Protein chains: 2
Amino acid sequence: MEHFDDALARKLEAFERLGDLEMEKLRELQSKRVQIAGGNEIGYQAASARGAYILRRGWACSYKRLRDGSRQIIDIHIPGDFLGVRSLLLRSSNYSFITLTDVEVAKVTVEALREMFQTAPKLAVAFLWAASRDEALVVEHLVSVGRRGALERTAHFLLELGARLHLIGCGTGDSYECPISQAVLSDTLGMTTIHLNRVLRQLREIGLVVFREGMVKFPDIQRAAEFTGFELGYLDHSRRS
Amino acid sequence: MEHFDDALARKLEAFERLGDLEMEKLRELQSKRVQIAGGNEIGYQAASARGAYILRRGWACSYKRLRDGSRQIIDIHIPGDFLGVRSLLLRSSNYSFITLTDVEVAKVTVEALREMFQTAPKLAVAFLWAASRDEALVVEHLVSVGRRGALERTAHFLLELGARLHLIGCGTGDSYECPISQAVLSDTLGMTTIHLNRVLRQLREIGLVVFREGMVKFPDIQRAAEFTGFELGYLDHSRRS
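Residues numbered from 1 in each chain as written. Chains lettered and ligands numbered in written order. Predicted model: local features only at pLDDT ≥ 70, side-chain atom pairs only at ≥ 80, totals over all residues. Heavy atoms only, no water.

## Overview of the overall build of chain A
Phase 1 of the analysis: The number of helices and strands found in chain A is nine helices and 11 strands.
Phase 2 of the analysis: Counting over 241 residues, chain A shows a buried share of 60%.
Phase 3 of the analysis: Nonlocal contacts in chain A, meaning residues at least 24 apart in sequence, comprise 72% of its contacts between residues at least 6 apart.
Phase 4 of the analysis: Entry remark: accessible area of chain A is about 9500 Å², with carbon and sulfur atoms responsible for 50%. (Helix = DSSP H or I, 4+ residues; strand = E, 2+ residues; numbered from the N terminus. Buried < 20%, exposed > 50% of the residue type's maximum accessible area, 1.4 Å probe, protein only. Contact = heavy atoms within 4.5 Å. Areas by Shrake-Rupley, 256 points an atom, 1.4 Å probe, with all protein chains shown as cover.)

Below, the structure is given as structure tokens:
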């Protein structure tokens, strides 16, 4: 059961049962592994950056820096996530990645994807599923930044992160280790760190979420889900029927 | 050259030259066509909605309705766009579609996608490219709502729409027909119609964008692109190298 340390395989298996051929192809696809220390850029906001990565271990985030110097974090990435499939398939990447912890990534080329889809077409639908899921996450962030209040937005994001981690076998569903700094979290949620601090204190006081010493805990996850209107549906964490 | 009235084929060809096999498969995929009048829902925000569509003619938009009754428009859709690949591949759709004009859609099943990728794997990479491009659009909207001012955001959106239309052979690049109402546009941009009205007047007065009587015109598109920081890169409109 080697794939239990392969977060991508684990994620794709939530969509489709993978056979020996698919597992072998996923192993091949991830054979060029690179270790990168925390706090480093992966790839560039440049037309020449044609590389994409699969995050195998550790945390990263994707962001876009605007002309005025401000940045908008697009998403937080955890093991099993693609980094920059967009920059691989689109001619140019429109944003950057930075590692939040030490990570291991596997470098992927468009040729390797082509070859893999040819010999294991089952993976083509699974990859399209994963890309759709990534898009659904960005859609939720758009809704959050556009329409949700600060408390709701923060709790929603932390619930979503917990559900994503649980899918790849990290955390218990009710609690998880979370190495994100408050600066990164506040950029992700589109608020100042001072405001975020106040929001986290309020969430703790009303017993919805406790984020302290690198751990996120939901004392009553059902209540937190109701409070934020969190639906697991868009992450499709129900197993294949 | 039948594919010149097939917006999807035209769009995919920006990424990859398609042969007879691929064109035949795309035709098959789009054989179940349905006409829907303007102002109607397509699909539901429900777990049972497993259908996806390819928009062949006309305009639509996708939106999410929040519990407080407000709605966030996710994107405006034009011919060649997928509607609800997410709802097809994810167990449940997290948003709804509404037609903005009379449309023709082709209904697509996950089985048809599987079959197509098996016999024409070249299309698998092309579809993954198109999904990445869709995600890049949502990312830009996230950045817009989170970080861009009202003038910049509005002009950026109208430039982007023009570039997308030009890719499928509509409009001249500098101008295009735009059947979107101000109510829809204001919801898309996350502002009130009164605010949007003022913004559109300002954009017209400074000579950046004129949106009048269903036509969008850029008197000096270069200046408009500079003003908004619009980069064509993320739409990948450069032809294959």
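## Things to note about unusual backbone geometry
Residue and element names in this part refer to chain A.
Phase 1 of the analysis: A positive phi angle, close to 50°, is found at Glu213, a residue other than glycine.
Phase 2 of the analysis: The topology assignment puts Glu213 in the loop between strand 10 (210-212) and strand 11 (215-217).
Phase 3 of the analysis: Overall, the relative accessible area of 80% leaves Glu213 in the exposed class.

## Focus on the packing of aromatic side chains
All names here are of chain A.
Phase 1 of the analysis: The full count for this structure, using the stated rule, is six aromatic pairs over all chains.
Phase 2 of the analysis: Each residue in the set Phe82, Phe117 and Phe127 is aromatic and connected to the rest through ring pairs, giving one cluster.
Phase 3 of the analysis: Of note, Lys11 hangs over the ring of Phe82, and the distance from its end group to the ring centre comes to 5.6 Å. (Phe/Tyr/Trp six-rings, centres within 6.5 Å; stacked < 30°, edge-to-face > 60°. Lys NZ or Arg CZ within 6 Å of the ring centre and 35° of its normal.)

## Here we look at the pattern of salt bridges
Phase 1 of the analysis: In the structure shown here, the tally under the stated rule is 24 salt bridges over all chains.
Phase 2 of the analysis: Among the salt bridges present, the one from Arg164 of chain A reaches Asp81 of chain A, with a minimum N-O distance of 2.8 Å. With Arg164 of chain A in helix 6 (residues 150-167) and Asp81 of chain A in the loop between strand 5 (71-77) and strand 6 (82-83), the pair connects residues that are 83 residues apart, well separated along the chain. Side by side, Arg164 of chain A and Asp81 of chain A carry an identical accessibility label, which is buried.
Phase 3 of the analysis: A salt bridge links Glu28 of chain B to Lys25 of chain B; the shortest N-O distance between them is 3.5 Å. Taken as a pair, Glu28 of chain B and Lys25 of chain B lie in helix 2 (residues 20-29) at a separation of three residues, close to a single helical turn.
Phase 4 of the analysis: Its relative accessible area of 11% is what places Lys25 of chain B among the buried residues.
Phase 5 of the analysis: Overlapping salt bridges, with partners in common, bring together Lys11, Asp75, Asp81 and Arg164 of chain A in one network. (Salt bridge = Lys/Arg side-chain N within 4 Å of Asp/Glu carboxyl O.)

## Some words on the side chain of Arg153 of chain A
Residue and element names in this part refer to chain A.
Phase 1 of the analysis: Relative to the helices and strands, Arg153 is located in helix 6.
Phase 2 of the analysis: Among the polar contacts made by the side chain of Arg153, one reaches the main-chain carbonyl oxygen of Leu189 at a distance of 2.5 Å.
Phase 3 of the analysis: Setting aside its immediate chain neighbours within four residues, Arg153 contacts Ser144, Val145, Arg148, Leu189, Gly190 and Met191. (Polar contact = N/O pair within 3.5 Å; in protein donor to acceptor, adjacent residues only side chain to side chain.)

## Things to note about helix 7 (residues 182-189) of chain B
Phase 1 of the analysis: Burial runs high along helix 7 of chain B: six of the eight residues are buried.
Phase 2 of the analysis: Those residues of helix 7 of chain B lying buried are Val184, Leu185, Ser186, Asp187, Thr188 and Leu189 of chain B.
Phase 3 of the analysis: Among the structural elements, helix 5 (122-147) of chain A together with strand 5 (71-77), helix 6 (150-167), helix 8 (193-205) and strand 10 (210-212) of chain B are those in contact with the buried residues of helix 7 of chain B.
Phase 4 of the analysis: Looking one or two residues past helix 7 of chain B, Gly190 of chain B carries a phi angle of roughly 70°, positive in sign.

## Some points on the pairing of strand 4 (residues 60-65) of chain B
Residue and element names in this part refer to chain B.
Phase 1 of the analysis: Across the six residues that make up strand 4, a large majority, five, are buried.
Phase 2 of the analysis: As paired elements, strand 4 and strand 5 share six bridges and run antiparallel to each other. Across the sheet, Ser62 pairs through a bridge with Asp75, a residue of strand 5.
Phase 3 of the analysis: Connecting the antiparallel pair strand 4 and strand 5 is a turn made up of five residues, with Gly69 showing a positive phi of about 95°.
Phase 4 of the analysis: Judged from the four bridges that link them, strand 4 and strand 7 (residues 96-99) form a sheet pairing that is antiparallel. Each bridged residue has a counterpart across the sheet, and for Ala60 the counterpart in strand 7 is Thr99. (Pairing = 2+ DSSP bridges.)

## A word on the confidence of the model for chain A
Residues and elements named next belong to chain A.
Phase 1 of the analysis: Taken over all residues, the pLDDT of chain A has a mean of 83, while the share at 70 or more is 86%.
Phase 2 of the analysis: Here helix 3 (residues 85-89) is the element of chain A with the lowest mean pLDDT, 59, and strand 11 is the one with the highest, 97.
Phase 3 of the analysis: Of the regions scoring below 50 in pLDDT, residues 45-49 engages in 12 contacts with residues more than four places distant in sequence or in other chains. (pLDDT = per-residue confidence, 0-100.)

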